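# Residue-level structural notes
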Amino acid sequence: MCNFFGWSNATFFGSGITRNKPNDNVVITTYPNDWISRYSDKNYKYIDPIVLEGSRSLLPLDWSEVTESSPELMTFFGEAEEMGVGKSGLTVSVRGLRGDSSLFSVNSAEQGHKWQQQKNEILSDLTYWAHLFHNIVLKQKNSQCQNKQIRLTRREQDVLRWAAKGKTAWETAKILNLSDKTISFYISNANIKLGVATKTQAVARAISERLLVM
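Here's what I pulled together on the structure shown here. Just so we're clear, the structure is a prediction, and the values are computed from it rather than from any experiment.

The next subject is the packing of aromatic side chains. For the structure on display, the rule yields 10 aromatic pairs. Judged by centre distance (5.0 Å) and plane angle (80°), the rings of Y44 and F76 are edge-to-face. You can see Y44 sitting in the loop between α2 (33-41) and α3 (49-56) and its partner F76 sitting in helix α4 (residues 71-82), a full 32 residues away along the chain. Under the relative-accessibility criterion, Y44 is labelled buried at 7%. Given a relative accessible area of 3%, F76 falls into the buried group. By way of ring pairs, the aromatic residues W35, Y39, Y44, F76 and F77 are connected into one cluster. Over the ring of W162 we find K165, and its NZ or CZ is 4.8 Å from the ring centre.

Between helix α6 (residues 154-164) and helix α8 (residues 180-194), whose axes approach to 9 Å, the crossing angle comes to 100°. Here α6 is positioned roughly perpendicular relative to α8, judged by the angle of their axes. Contacts between α6 and α8 involve R155, E156, V159 and L160 on the former and, on the latter, I183, Y186, I187, N189, A190, K193 and L194. Looking at side-chain class alone, the contact of α6 with α8 contains seven nonpolar, one polar and three charged residues.

On to the side chain of S93, then. As for its placement among the helices and strands, S93 is situated in strand β4 (residues 88-95). By relative accessible area, which is 14% here, S93 ends up buried. Polar side-chain contacts of S93 include one of 2.8 Å to the side chain of R95. When sequence neighbours within four positions are dropped, the list of residues in contact with S93 reads G54, S55, S57, S102 and L103.

One finds W7, F12, I17, L90, F104, V106 and L126 to be the most contacted residues of the largest nonpolar core, which totals 16 residues. Elements that contribute at least two residues to this core include exactly β1 (9-15), β4, β5 (101-108) and α5 (112-149). Counting residues per element, this core draws most heavily on α5, at six residues. Discounting chain neighbours no more than four positions away, the residues touching I17 are F12, V26, D100, S101, H134, V137, L138, K141 and N142. In this structure, W63, F76, F77 and A80 belong to the second largest nonpolar core, which totals 13 residues.

The next point concerns the sheet that holds strand β2 (residues 26-29). An order of β2-β1-β5-β4-β3 is seen for the five strands of this open sheet, with the pairing classed as antiparallel. Of all the strands in the sheet, the pair left with one neighbour each is β2 and β3 (61-62). Of the pairings in the sheet, the one linking β4 to β5 comprises eight bridges and is antiparallel in character. What sits directly across from G89, in β5, is N107.

As a further point, take the pattern of salt bridges. This model, assessed by the stated rule, comprises six salt bridges. As a salt-bridge pair, R155 and D158 come within 3.7 Å of each other at their nearest N and O atoms. Here the residue R155 and the residue D158 both occupy positions in helix α6, the gap between them amounting to three residues, near one helical turn. Accessibility expressed as a relative area gives 13% for D158, which makes it buried. A salt bridge links R161 to D158; the nearest nitrogen and oxygen atoms lie 3.1 Å apart. Residue R161 and its partner D158 are located together in helix α6, separated by three residues, close to a single helical turn. One exposure class covers both R161 and D158, and it is buried. Connected through salt bridges with shared partners, the residues R154, R155, D158 and R161 form a single ionic network.

Reading the values: the criteria
Residues numbered from 1 in each chain as written. Predicted model: local features only at pLDDT ≥ 70, side-chain atom pairs only at ≥ 80, totals over all residues. Heavy atoms only, no water. Phe/Tyr/Trp six-rings, centres within 6.5 Å; stacked < 30°, edge-to-face > 60°. Helix = DSSP H or I, 4+ residues; strand = E, 2+ residues; numbered from the N terminus. Buried < 20%, exposed > 50% of the residue type's maximum accessible area, 1.4 Å probe, protein only. Lys NZ or Arg CZ within 6 Å of the ring centre and 35° of its normal. Axes fitted to C-alpha atoms, helices over the stretch in contact; angles between N-to-C directions. Parallel < 35°, antiparallel > 145°, perpendicular 65-115°, else oblique. Contact = heavy atoms within 4.5 Å. Nonpolar A, V, L, I, M, F, W, Y, C, P; charged D, E, K, R; others polar. Polar contact = N/O pair within 3.5 Å; in protein donor to acceptor, adjacent residues only side chain to side chain. Core = buried A, V, L, I, M, F, W, Y, C linked by side-chain atoms within 4.5 Å. Pairing = 2+ DSSP bridges. Salt bridge = Lys/Arg side-chain N within 4 Å of Asp/Glu carboxyl O.

Right, here's the structure in full:
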């Protein structure tokens, strides 16, 4: 994606994304590993003006508007540039409906007039990409959490497995040496756990979520 749009790097920093772990941050980045390690070791998240100002801004933040107001920040930006992070960049803040939020940043090696031209070309698309990426990560993280909470018992799996092979409830009862009512009970429980209405839907979702091994 970076090569296609002419960016040097792209970074997603999300908070409140995973609903069962709201305090865990989600970071997806193309930054060099050396810079990621340096950033973590030095706890730069506490002084990084892009994160601090970007979180407060309602509009895209142009990194050129951030001043290196202290020797500490001069060192921060100097190290970032030495490790492959361009000085020019844009950060878009995204705020979700359930307390989730994120910063989507791209940076470039271009400066001056060339950077301003590049910025004008990508600004509207970047805002769209930031919201799209936020929603994709949000859906993915919470889908994974939801899947982990679903637990089918061995008997529920057995019943759905035979249903997937085309067996009726009566046939499954004979195979498993259970009553029809017991088979219906297991199917009903599986439907509730999987959030579906029918046995066919239960089989389809169990297979798609890899909860049922054929």
